[in-house]
Structure formats: structure tokens, C-alpha cells
Amino acid sequence: ELDGKLARDEQKIQESIEAVKTAQKTAYSEENVAALVWFDNFLQRAGGLRAQLQALKGTPQDTDFVKQLVKAASVAFGGGRETDYPKVGVSPYSA
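A. Layout of the environment of Phe-42. Here Phe-42 lies in helix α2 (residues 30-56). Judged by relative accessible area, which is 11%, Phe-42 ranks as buried. Expressed as a C-alpha distance, the spacing of Phe-42 and Glu-10, which sit 32 residues apart in the sequence, is 8.2 Å.

Put into C-alpha cells, the structure is as follows:
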């Protein structure tokens with residue numbers, strides 16, 4: 001199920017990449033460059049996660065290892081935090 005969702009998301013991201021690249025040809029934008037970097041990063045992480053999921057097929061689903069892997073994957077994609085700590089942004093104590 002998760003593998004299928006990741007595959008669909010990868011396809012959507014790939015379509016977005018093509019759209020942004022097309023836009024870059026006619027009107028260059030630093031925002032588009034940043035978006036392309038983010039998309040590439042997502043595709044790399046999703047591909048790695050899908051490879052791990054494929055390797056785990058056939059492993060009993062109730063093992064602690066599988067639970068830890070799923071938790072690690074959710075954190076890698078920005079999930080897993082129950083609060084907003086640490087706050088995102090500039091700290092009043094930064095130099």
C-alpha cells in the first residue's frame with residue numbers, strides 16, 4: 001500500500017519536474033531552481049524508501065525493526081513530530 005502511494009507521488013513529482021523545466025526554458029526563475037532541487041531530493045528519498053520496503057516484503061510486519069524503519073521513514077519525510085519543537089525560523093539567540 002505504501003509502495004503504491006510512493007509510486008503515485010513519484011509520478012506526480014516527475015510530471016511537476018517536467019512542467020517546471022518547461023517553464024524554465026521560457027522564463028528562468030531561482031524559485032524554479034529551488035523547486036527542482038526539492039523535487040530531486042524527494043525522488044531520491046522516496047526511491048530509497050521504496051527499495052527498503054521491497055527488501056522488507058516477506059518480513060513479519062509486527063517486528064520492532066519494521067516499526068522502527070517506518071518511523072524513521074516518516075521522520076525523513078518531515079513527519080513524526082508531535083509538536084512544532086524545535087521552532088522553525090530564526091532564533092532570538094542566533095549570532
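Next, the rest of the story.
B. Seen up close, the packing of aromatic side chains. Following the criterion strictly, the structure yields two aromatic pairs and no others. An angle of 70 degrees between the planes, with centres 5.7 Å apart, marks the rings of Trp-38 and Phe-39 as edge-to-face. Of the residues examined, Phe-39 reaches a relative accessible area of 13% and is grouped as buried. The interplanar angle of 15 degrees and the centroid separation of 5.8 Å between the aromatic rings of Trp-38 and Phe-42 together place this pair among those described as stacked. Of this pair, Trp-38 and Phe-42 are both found in helix α2, four residues apart, which corresponds to roughly one turn of the helix. Among the aromatic residues, those joined into a ring-pair cluster are Trp-38, Phe-39 and Phe-42.

C. Fine view of the side chain of Gln-24. On the secondary structure map, Gln-24 appears in helix α1 (residues 2-26). Those residues in contact with Gln-24 that lie beyond four places of it in its chain are Ser-29, Asn-32, Val-33 and Leu-36.

D. Layout of the side chain of Asn-32. As for its placement among the helices and strands, Asn-32 is situated in helix α2. Asn-32 has contacts with Val-20, Ala-23, Gln-24 and Ala-27, leaving out every residue within four places of it along the chain.

E. Region of the structure containing α2. If you check α2, its first and last C-alpha atoms are 39 Å apart, about what 27 residues at 1.5 Å a residue would give, namely 39 Å. Taken together, the buried positions of α2 are Asn-32, Phe-39, Phe-42, Leu-43, Ala-46, Leu-49, Leu-53 and Leu-56. Two or three places before Glu-31, at the opening of α2, Ser-29 has a side-chain oxygen 3.1 Å from that residue's backbone nitrogen.

F. Here's a closer look at the nonpolar core. Listed in full, the eleven residues of the largest apolar core are Leu-6, Ile-13, Ile-17, Val-20, Phe-39, Phe-42, Leu-43, Ala-46, Leu-49, Leu-53 and Ala-73. Elements supplying a minimum of two residues to this core: α1 and α2.

G. Region of the structure containing α1. Across its 25 residues, α1 extends 37 Å between first and last C-alpha, which sits within 8% of the 36 Å expected from 1.5 Å per residue. Within α1 the residues assigned to the buried category are Asp-3, Leu-6, Glu-10, Ile-13, Ile-17, Val-20 and Gln-24. Residues of α1 that are buried make contact with α2.

H. Examining the pattern of salt bridges more closely. Under the criterion given, the structure shown has one salt bridge. Here Arg-50 makes a salt bridge to Glu-10, at a shortest N to O gap of 2.6 Å. Taken together, the positions of Arg-50 in helix α2 and Glu-10 in helix α1 put the pair 40 residues apart, joining distant regions of the chain.

Calculation criteria
- Residues numbered from 1 in each chain as written.
- Predicted model: local features only at pLDDT ≥ 70, side-chain atom pairs only at ≥ 80, totals over all residues.
- Heavy atoms only, no water.
- Helix = DSSP H or I, 4+ residues; strand = E, 2+ residues; numbered from the N terminus.
- Buried < 20%, exposed > 50% of the residue type's maximum accessible area, 1.4 Å probe, protein only.
- Phe/Tyr/Trp six-rings, centres within 6.5 Å; stacked < 30°, edge-to-face > 60°.
- Contact = heavy atoms within 4.5 Å.
- Expected span 1.5 Å × (residues − 1).
- Polar contact = N/O pair within 3.5 Å; in protein donor to acceptor, adjacent residues only side chain to side chain.
- Core = buried A, V, L, I, M, F, W, Y, C linked by side-chain atoms within 4.5 Å.
- Salt bridge = Lys/Arg side-chain N within 4 Å of Asp/Glu carboxyl O.

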